[in-house]
2 protein chains.
Amino acid sequence: MIDFQTHPDEYHHWKLRIDDRVAYLDMAVDPGGGINPGYELKLNSYDLGVDIELADAVQRLRYEHPEVGAVVIGSLLDRMFCAGANIGMLATAPHPLKVNFCKFTNETRMAIEDATASSGQRYLAALGGNAAGGGYELALATDHIMLIDDRNAAVSLPEVPLLGVLPGTGGLTRLTDKRHVRRDRADVFCTLEEGMKGQKALEWRLVDELVPASSFVATVTERARAQAAMSDRPTDGTGVILPPLDRQIGDDEIVYSLVTVSIDRSKRVASLEIRGPEGSVPVDGDDAVASGAKFWPLRLARELDDAILHLRVNELEIGTIDIHSRGDIDMVLDYDAFLISMADHWFVREVLFHWGRVLRRVDMTARTVIALVEPGSCFAGFLAELVLAADRSYMLMGTWAGEGGNEARLGLTKANIHGYPMSNGLSRLETRFWGDAEGLTRAIAEIGRQSTAEEALAAGLVTDAMDDIDWEDELRIVHEERAAFSPDSLTGLEANLRFPGPETMETKIFGRLTAWQNWVFQRPNASGETGALRRYGTGIRPDYDHRRV
Amino acid sequence: MIDFQTHPDEYHHWKLRIDDRVAYLDMAVDPGGGINPGYELKLNSYDLGVDIELADAVQRLRYEHPEVGAVVIGSLLDRMFCAGANIGMLATAPHPLKVNFCKFTNETRMAIEDATASSGQRYLAALGGNAAGGGYELALATDHIMLIDDRNAAVSLPEVPLLGVLPGTGGLTRLTDKRHVRRDRADVFCTLEEGMKGQKALEWRLVDELVPASSFVATVTERARAQAAMSDRPTDGTGVILPPLDRQIGDDEIVYSLVTVSIDRSKRVASLEIRGPEGSVPVDGDDAVASGAKFWPLRLARELDDAILHLRVNELEIGTIDIHSRGDIDMVLDYDAFLISMADHWFVREVLFHWGRVLRRVDMTARTVIALVEPGSCFAGFLAELVLAADRSYMLMGTWAGEGGNEARLGLTKANIHGYPMSNGLSRLETRFWGDAEGLTRAIAEIGRQSTAEEALAAGLVTDAMDDIDWEDELRIVHEERAAFSPDSLTGLEANLRFPGPETMETKIFGRLTAWQNWVFQRPNASGETGALRRYGTGIRPDYDHRRV
């Protein structure tokens, strides 16, 4: 089992040091500390385990260190920033693990850009030595790349010439769309095994600054401090410590404090239940800080995120995730309003953006997601985003036979328009009604109404509504159908249908670039016995089928 | 060898009939007429050969029939419009052929949409029976889908449930981005083997109109005539007949009247030379019509297009295409200005749009394209687009040793900003300088100047400029490097770097959707011994590896 939970005290590969308002996150990968056996993590090369620690650090810095306004990613190795994804790992990992590895590392790089853009924690890369492949792609995720000018250190994307694969962790897209490197220069750069250094790297916009070796440390510190000084984060805030999750993992069940995952292996379905809040909404942001990691929306975000990651990586044969909720919908609405109205407070803002990332993680998860809106459920505001993120949603009309109580309600709020954009830059509601202004207007009219099944269906907010007589049979058919289909065709179907409308750098990375990388990974020229990944380091050149496709 | 040249008199699979201002293009696929042996084209299912005829018809209608303002795509089969791509063909075709087949059919569907959008020839689909898979995707490329309401005829995309692949000829993208079908409804529709018919198909926006069987023919005619009446095409124009190309195909050489392709198999390089005009520019559009298919820009467009298609499909191991030109640059500039200034004339407009499609075909070609700007070359205006379309471009400084004459010049014109948009909606110049306003301004300043190598290099218009001492060595190294790389990684690299900036439905289809389809095609669940494509029709269910990726 791959566990995404860790803590700085347990890091094997990173050193985190905080000096006033600047955090220094230094890579020092333990060669023997690979998450799987069979390869050595030499020269700060990385695998999923290294990236899990990085993601943890990025997350903790936001919550535990309100004072930090800039983060420097560096290296403790001499003359080497990072050699990129470990090739031994890429050569031996089965296809699903390779794809999951790339997806998670992409999400971590997006989280770095998100912190820079939204949270007042600007990331800088201090390249005191070579940054190759994924190492340079990590630097590309920061907003200021400083390269030591020692006639030696270079940045490079040697995937094509050396490995027969792509710079697939956003590298190709960030070159042209973020750094605006001319496409023919990007082509030249991506075919140079040795990469580029010095003045030419600067001139081609591959780095932002060249720094003499003698003043490297001082300049990095100076730049980071200047950035930190411009941050809007409080210098006197109390950090919110993220403790280990309250989590029990059984064979077919994972129980968190607010989330339960139940797995039916014969149906290949995971049922994921999230639970609403108990206790009332804090009076203000500082009051929310006082409740710390127990603040309901934060606790739920962390548990849901962990559950999704667990299913993605550790439960490959579970193809469908049913999402249920249970709780007091009015209290969820109170929390939803609190998050939006108090978003100026640094901690509340973090929770809001955290939900944005968790929801985008759901959008990017290669599993069929089905939302089930039942009596007693509490899909409202940001939780209603889960219904809109689902491939399909079903809502019960009336109540369960023999049970009284209230009917199911779906609670749209303003947050569903403005709070949680997808990676295409639109809300899930706008995406759902892309090109259909009338439909969008009808949906927006439901905001604030706590729609019944009939109303939600008429407004196009759910795929279908059924009474309790049909409910079980209909769902059984959906589950059986889904389990019978080719999982690959479902992945392709969902990856396309989930993103109508415009594209952004983020959707280009996850959609276009990733799809091409997955294709290349699957090709014998990369992963076959005589392919480049297998032959790398053997001294024997790969044996390519030269037919162009 | 697959030949892309054909003529209505030689069609095996389509009947073309013109009645006043409406063309009727009816599918009647010859089951025994497959382009390769080993499968039968039952029920109007198609292979590349069927689509080559369709593409020919679409092209001819534009040139040979100025009077035609609407085109109805229908079927001569009872109760069957089109069953989609032939599954036996998909099951047996090697991966490169499958990918090339999809790319060409996608381009043909884009040509249909282009005719509707730009040429006053609106396409309608008359579904007198079932439209399944690629059959429905063909209908989606038209702007008005009429479905017979006979309780039987349905539209469907059964690729996922039946074949374990995707509706990869634009289907998924057009559902959400063109017809604005809600994404969860699209998910439901794409998992229904039997598809949808009648009122529900209309309500879900899958078709535009339901027509009773009794009035089907009359209504189709009425709709088409109404569309034709709104066309801006001349009713009294003289058509320009497209004769067979002047083409000699040898083992390592193809010689057209204005294009020569020379293949060096040991280097895996094709050298493509295009030649400038002889004789002066026509005085006006009608004068251009008088020169017919010999009108230089038309003749060159047809020959270049054929050469590119030939290399794509028949020369899989040729990984690099060098583009040279030879001719009088001033005369090319005259023609370039003529095309832009006379674009209101139906025929000139057709030639302009034709070049747009040929250039986009180059953008979509999975080969490294290198443009070589040498003394005596004539890359100006629309021919300069080839330099901008190339992955790299090199320009000679000075003249060849021992030869006098003029230096090489590169001639940007206004056409390079407004004339020939890429599929991302931008000019190649805007794409090249995406996010770099200063660079774009510098490039635009070269318009009208006939830039020298030094000037073109300084303005960022070419990748590099070299004198004749370095020229041959540098190119040899580029060719050798390119030939040594994994062809798959080059395909992925180029498919990403060529499209910085925004995306459109067209780039989503060619980039995102196609990449996923290629990945799925490569997976054992689709193409393996026990995969869905191989097992289809055997009565044995496919045996899937259920791990989700």
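What you see is a predicted model, and the numbers here were worked out from it, not measured in a lab.

Once that is clear, we can look at the overall build of chain A. When helices and strands are tallied, chain A shows 23 helices and 20 strands. The C-alpha atoms of chain A give a radius of gyration of 24 Å, which matches the 24 Å a tight globule of 549 residues would have. In terms of overall dimensions, chain A has C-alpha extents of about 75 × 60 × 45 Å along its principal axes. The buried share of chain A, taken over its 549 residues, is 66%. For chain A, contacts bridging at least 24 residues in sequence account for 74% of all contacts bridging at least 6. A distance of 8 Å separates the average location of the 57 positive side-chain charges in chain A from that of its 84 negative side-chain charges.

A few words now on the nonpolar core. Core analysis: the largest hydrophobic core is formed by 195 residues, its most contacted members being Tyr136 and Leu206 of chain A together with Tyr136 and Leu206 of chain B. No other element matches helix α3 (residues 95–118) of chain B, which puts eight residues into this core.

What follows is about the layout of surface pockets. Residue and element names in this part refer to chain B. Within this model, the largest pocket holds a volume of roughly 930 Å³. Lining the largest pocket are 43 residues, with Glu107, Met110, Ala111, Asp114 and Arg357 sitting closest to its centre. With 10 residues, α3 is the single largest residue contributor to the lining of the largest pocket. Across the lining of the largest pocket, the residue classes break down as 20 nonpolar, 10 polar and 13 charged.

This brings us to empty space enclosed by the protein. This structure, assessed with the given rule, holds 11 cavities of 30 Å³ or more. Put simply, the largest cavity is a space of about 540 Å³. Elements represented by at least two residues in the lining of the largest cavity include exactly α1 (48–64), α3 (95–118), α11 (296–314), α13 (346–363) and α21 (505–522) of chain A. Top contributing element to the lining of the largest cavity by residue count: α1 of chain A, with seven residues. The volume enclosed by the second largest cavity comes to roughly 190 Å³. Forming the walls of the second largest cavity are 19 residues, and the residues nearest its centre are Lys103, Met364, Ala495 and Phe510 of chain A together with Trp516 of chain B. Breaking the lining of the second largest cavity down by element, the ones donating at least two residues are α3, α20 (487–497) and α21 of chain A together with α21 (505–522) of chain B. If one sorts the elements of the lining of the second largest cavity by residue count, α21 of chain A sits on top with five residues. The class makeup of the residues in the lining of the second largest cavity is eight nonpolar, six polar and five charged.

Time to look at the interface of chain A and chain B. With 87 residues of chain A in contact, the opposing surface of chain B contributes 87 residues. Overall, the association of chain A and chain B removes approximately 8600 Å² of surface from exposure, summing both partners, and the carbon and sulfur fraction of that is 56%. A per-residue breakdown of the area chain A buries against chain B is headed by Arg183, Arg512 and Arg548 of chain A, which together make up 13% of the total. If you look at where chain A meets chain B, you find 18 salt bridges. Arg523 of chain B is the partner of Asp488 of chain A in a salt bridge, and the nearest nitrogen-oxygen pair spans 3.1 Å. Linking chain A to chain B there are 56 residue pairs in polar contact (both at pLDDT 80 or more). Here the side of chain A that touches chain B takes 12 residues from α21 of chain A, the largest share from any one element.

Paired through their backbone hydrogen bonds, the strands of a sheet run either parallel or antiparallel. All names here are of chain A. In spatial order, the strands read β1-β2-β4-β7-β9-β12; together these six strands make up an open sheet with mixed pairing. With one partner strand each, in any of the chains shown, β1 (14–19) and β12 (209–212) form the two edges of the open sheet. Taken pair by pair, the neighbouring strands of this sheet meet at an average axis angle of 25 degrees, ignoring direction. Packed on one face of the sheet, α1 meets β1, β2 (22–27), β4 (70–75) and β7 (122–127) and runs near 20 degrees to β1. Sitting on the sheet, helix α9 (residues 216–230) touches β1, β2, β4, β7, β9 (144–149) and β12, and the angle it makes with β7 is about 175 degrees.

On to the relation of the copies chain A and chain B. For the pair chain A and chain B, the superposition axis carries a translation of 0.0 Å, the fit reaches an RMSD of 0.0 Å, and the rotation angle comes to 180 degrees. In short, the pair behaves as if placed about a two-fold rotation axis. Comparing contact sets, 100% of the residues at the interface of chain A also lie at the interface in chain B, consistent with an isologous, same-surface contact.

Of all residues except glycine, most have a negative phi; of all peptide bonds, most are trans. All names here are of chain B. Not every positive phi belongs to a glycine, and Leu43 is a case in point at roughly 55 degrees. Mapped onto the fold, Leu43 is located in the loop between β2 (22–27) and β3 (45–46). For Leu43, a relative accessible area of 51% puts it in the exposed group. Phi at Arg205 is positive, roughly 70 degrees, even though this residue is not glycine. Its location among the elements puts Arg205 in the loop between α8 (198–203) and β12 (209–212).

A few words now on the pattern of salt bridges. Overall, the coordinates contain 96 salt bridges over all chains when judged by the stated rule. In this structure, Arg360 of chain A engages Glu506 of chain A in a salt bridge whose closest nitrogen and oxygen atoms are separated by 3.5 Å. Taken together, the residues span a long stretch of sequence, with Arg360 of chain A in helix α13 and Glu506 of chain A in helix α21 at a distance of 146 residues. Salt bridges linked by common partners bring Arg183, Asp187 and Arg548 of chain A together with Asp391, Arg392, Arg482, Glu494 and Arg498 of chain B together as one network.

Residues and elements named next belong to chain B. Taking 1.5 Å as the rise per residue, α21 with 18 residues should run 26 Å; its terminal C-alpha atoms sit 24 Å apart, in good agreement. At Thr514, α21 shows its largest bend, some 35 degrees. Among the 18 residues of α21, 18 are classified as buried, and the element is accordingly described as predominantly covered.

A word on the packing of α3 of chain B against helix α13 (residues 346–363) of chain B. All names here are of chain B. Running from amino to carboxyl end, α3 crosses α13 at an angle of 150 degrees, the nearest separation of the two axes being 11 Å. Between α3 and α13, the interaxial angle falls into the category roughly antiparallel. Crossing handedness for the pair α3 and α13: right-handed. Seen from α3, the contacting residues are Phe104, Glu107, Ala111, Asp114 and Ser118; seen from α13, they are Arg349, Phe353, Arg357, Arg360 and Arg361. Of the residues contributing to the contact of α3 with α13, the split by class is three nonpolar, one polar and six charged.

With that settled, the discussion passes to the sheet that holds β2 of chain B. Residues and elements named next belong to chain B. Strand order across the open sheet formed by six strands is β1-β2-β4-β7-β9-β12, with mixed pairing between neighbours. Taken across any chain shown, the strands that pair with only one partner, and hence form the sheet edges, are β1 (14–19) and β12. Across the sheet, the mean angle from the axis of one strand to that of its neighbour is 25 degrees, orientation sign disregarded. As defined by bridge partners, β2 adjoins strand β4 (residues 70–75) across six bridges and the pair is classed as parallel. Bridged to Val22 within β4 is Ala70. Contacts from helix α1 (residues 48–64) reach β1, β2, β4 and β7 (122–127) within the one sheet, and its direction differs from that of β1 by about 20 degrees. Each of β1, β2, β4, β7, β9 (144–149) and β12 touches helix α9 (residues 216–229); the most contacted strand, β7, lies at about 175 degrees to it.

Looking now at the packing of α11 of chain A against α13 of chain A. All names here are of chain A. Here α11 crosses α13 at 25 degrees, and the two axes come no closer than 10 Å. Considered as vectors, α11 and α13 are oriented roughly parallel to each other. Crossing hand, α11 versus α13: left-handed. Here Pro297, Leu298, Leu300, Ala301, Arg302, Leu304, Asp305, Ile308, Leu309 and Arg312 of α11 lie close against α13, whose contacting residues are Phe347, Val351, His354, Trp355, Val358, Arg361 and Val362. Looking at side-chain class alone, the contact of α11 with α13 contains 12 nonpolar, one polar and four charged residues.

The subject of this paragraph is the packing of aromatic side chains. Residue and element names in this part refer to chain A. Per the counting criterion, the structure on display carries 28 aromatic pairs over all chains. Pairwise contacts between aromatic rings join Tyr63, Phe295, Trp296, Tyr335, Phe338, Trp346, Phe347, Trp355, Phe382 and Tyr420 into one cluster. Across from the ring centre of Tyr24, 4.4 Å away, lies the NZ or CZ of Arg17, which sits over that ring.

This part takes up the side chain of Ser377 of chain A. All names here are of chain A. Mapping Ser377 onto the fold places it in the loop between β18 (368–373) and α14 (384–389). For Ser377, a relative accessible area of 7% corresponds to the buried category. Of the polar contacts made by the side chain of Ser377, one reaches the backbone oxygen of Glu374; its length is 2.7 Å.

Reading guide: rules and limits
Residues numbered from 1 in each chain as written. Chains lettered and ligands numbered in written order. Predicted model: local features only at pLDDT ≥ 70, side-chain atom pairs only at ≥ 80, totals over all residues. Heavy atoms only, no water. Helix = DSSP H or I, 4+ residues; strand = E, 2+ residues; numbered from the N terminus. Rg over C-alpha atoms; globule rule 2.2 N^0.38 Å. Buried < 20%, exposed > 50% of the residue type's maximum accessible area, 1.4 Å probe, protein only. Contact = heavy atoms within 4.5 Å. Lys, Arg positive; Asp, Glu negative; His and termini not counted. Charge placed at Lys NZ, Arg CZ, Asp CG, Glu CD. Core = buried A, V, L, I, M, F, W, Y, C linked by side-chain atoms within 4.5 Å. 1 Å grid on protein atoms, 1.4 Å probe; cavity = no way out; pocket = protein on both sides within 12 Å on 5 of 7 lines; lining within 4 Å. Points joined across faces, edges and corners; volume = space filled by probe spheres on them. Nonpolar A, V, L, I, M, F, W, Y, C, P; charged D, E, K, R; others polar. Buried area = accessible area lost by both parts, 1.4 Å probe. Salt bridge = Lys/Arg side-chain N within 4 Å of Asp/Glu carboxyl O. Polar contact = N/O pair within 3.5 Å; in protein donor to acceptor, adjacent residues only side chain to side chain. Pairing = 2+ DSSP bridges. Axes fitted to C-alpha atoms, helices over the stretch in contact; angles between N-to-C directions. Least-squares fit on C-alpha atoms with pLDDT ≥ 70 in both. Expected span 1.5 Å × (residues − 1). Bend = angle between axes of the 7 residues up to and from the residue. Parallel < 35°, antiparallel > 145°, perpendicular 65-115°, else oblique. Left-handed = near helix turned anticlockwise from the far one by under 90°. Phe/Tyr/Trp six-rings, centres within 6.5 Å; stacked < 30°, edge-to-face > 60°. Lys NZ or Arg CZ within 6 Å of the ring centre and 35° of its normal.

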